[in-house]
Amino acid sequence: MGLTFPGEPAEYRAARDALLEDEIELRRAIERVAATRRRLPPGGVVPEDYVFQGARADGAPTDVRLSELFAPGKDSLVTYSFMFPRDARDERPGPKDGQTALLPLAEGPCPSCTALLDQLDGTAEHVCDRINLVAIAKAPLPRVLEFANERGWRRLRLLSSEGNTFKRDYHGETDDGTQQPMLNVFHRDGEAIRHFWGSEMLYAPTDAGQDPRHAGTIEALFNLFDLTPEGRPPDWEEQLSYS
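Residues numbered from 1 in each chain as written. Predicted model: local features only at pLDDT ≥ 70, side-chain atom pairs only at ≥ 80, totals over all residues. Heavy atoms only, no water.

Turning to the overall build of the protein, a few remarks are in order. Tallying secondary structure elements over the protein gives five helices and seven strands in all. Counting helices and strands in the order they occur from the N terminus, the protein gives α-β-β-β-α-β-α-β-α-β-β-α. Along the first, second and third principal axes, the C-alpha set of the protein runs to 65 × 50 × 35 Å. Evaluated residue by residue, the protein yields a buried proportion of 35% over its 243 residues. Accessible surface for the protein amounts to roughly 14700 Å². Of this, 54% is attributable to carbon and sulfur atoms. Across the protein, the mean location of the 28 positive side-chain charges is 4 Å away from that of the 41 negative side-chain charges. (Helix = DSSP H or I, 4+ residues; strand = E, 2+ residues; numbered from the N terminus. Buried < 20%, exposed > 50% of the residue type's maximum accessible area, 1.4 Å probe, protein only. Areas by Shrake-Rupley, 256 points an atom, 1.4 Å probe, with all protein chains shown as cover. Lys, Arg positive; Asp, Glu negative; His and termini not counted. Charge placed at Lys NZ, Arg CZ, Asp CG, Glu CD.)

It is worth spelling out the environment of T228 at this point. Within the fold, T228 resides in the segment after α5 (220-225). Among the residues examined, T228 registers a relative accessible area of 32% and is labelled partly exposed. A distance of 2.7 Å separates a polar atom in the side chain of T228 from the backbone oxygen of F225. (Polar contact = N/O pair within 3.5 Å; in protein donor to acceptor, adjacent residues only side chain to side chain.)

Helix length check: helix α2 (residues 111-127), at 17 residues, gives a terminal C-alpha distance of 23 Å against a target of 24 Å (1.5 Å per residue), a fit within 8%. Roughly 35 degrees is the biggest bend found in α2, and it falls at D121. Buried within α2 are the following residues: P111, C113, T114, A115, L116, L117, L120, D121 and A124. Summarising the contacts, the buried residues of α2 are in contact with β3 (76-82), β4 (132-137) and α3 (141-151). (Expected span 1.5 Å × (residues − 1). Bend = angle between axes of the 7 residues up to and from the residue. Contact = heavy atoms within 4.5 Å.)

Glancing now at the pattern of salt bridges. Per the counting criterion, the structure on display carries 21 salt bridges. In this structure, D121 engages R155 in a salt bridge whose closest nitrogen and oxygen atoms are separated by 3.9 Å. Taken together, the residues span a long stretch of sequence, with D121 in helix α2 and R155 in the loop between α3 and β5 (157-160) at a distance of 34 residues. For D226, the salt bridge identified is with R232, shortest N-O distance 2.9 Å. In the salt-bridge network here, residues are joined through shared partners; they are R86, D90, R92, E237 and E238. (Salt bridge = Lys/Arg side-chain N within 4 Å of Asp/Glu carboxyl O.)

Right, let's get into α3. What α3 keeps buried is the set L141, V144, F147 and A148. One side of α3 holds all its buried residues, which, seen down the axis, span an arc of 135 degrees. Exposed positions of α3 whose direction lies more than 90 degrees from the buried face are P142 and N149. Where α3 is buried, its residues contact β1 (51-55), β2 (61-65), β3, α2, β4 and β5. (Arc of directions from axis to C-beta.)

Geometrically, the link from F84 to P85 is a cis peptide bond, its omega value of 20 degrees lying close to zero. By the element assignment, P85 lies in the loop between β3 and α2. Positive phi is not limited to glycine here, since H171 has a value of about 65 degrees. Phi at R213 is positive, roughly 55 degrees, even though this residue is not glycine. Inspection of the secondary structure assignment puts R213 in the loop between β7 (192-198) and α5.

So this is what it looks like as structure tokens:
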């Protein structure tokens, strides 16, 4: 392309041009995978119209069925399994203040999920122009809404699956009740609701030194790290706050 930046040496430009070819191929690979995903045959019909706990516009709690999460004219639903409560082995600090800080650590929210939902809260206003998006916690709804208020989330639709088996059925919860950060996509097909796609890399073997990256293509945080000379920090994890 003949693109250069001030002061760059020839060695840098040669290496950068070679990297650009890899980046272009990555872009093509991402589109190939997306196209293959779109061609998936119809998935399984959802076995029941799960009832969640949600909040009305005035904040009052209400039952919300899975079928009611599909707005008119929007036939795709993305659900994120929010690990609230967190994994009992996760010893990262909880919130410093607020009502959520009073919970036992094991009953509090996962910092990594929180970091992703911080990002999705800003995305929700835009993505919901075309599709439906919800985050589903296992914790009781009042806890979920209180934490959302403390975190400043304003756009995400948050639900509790405390009273149903949705998370267990769709691999957002293990047999022993441990929560998992599963992404699932559902599609309304006439009168039926079908499972379209799940982030199964969460459960797939990983390469050495990598986490599953099952939600990696939607997470700005680690993709930004990848743009830097330091890359993804190997000994760093998301926190609820930083000093």
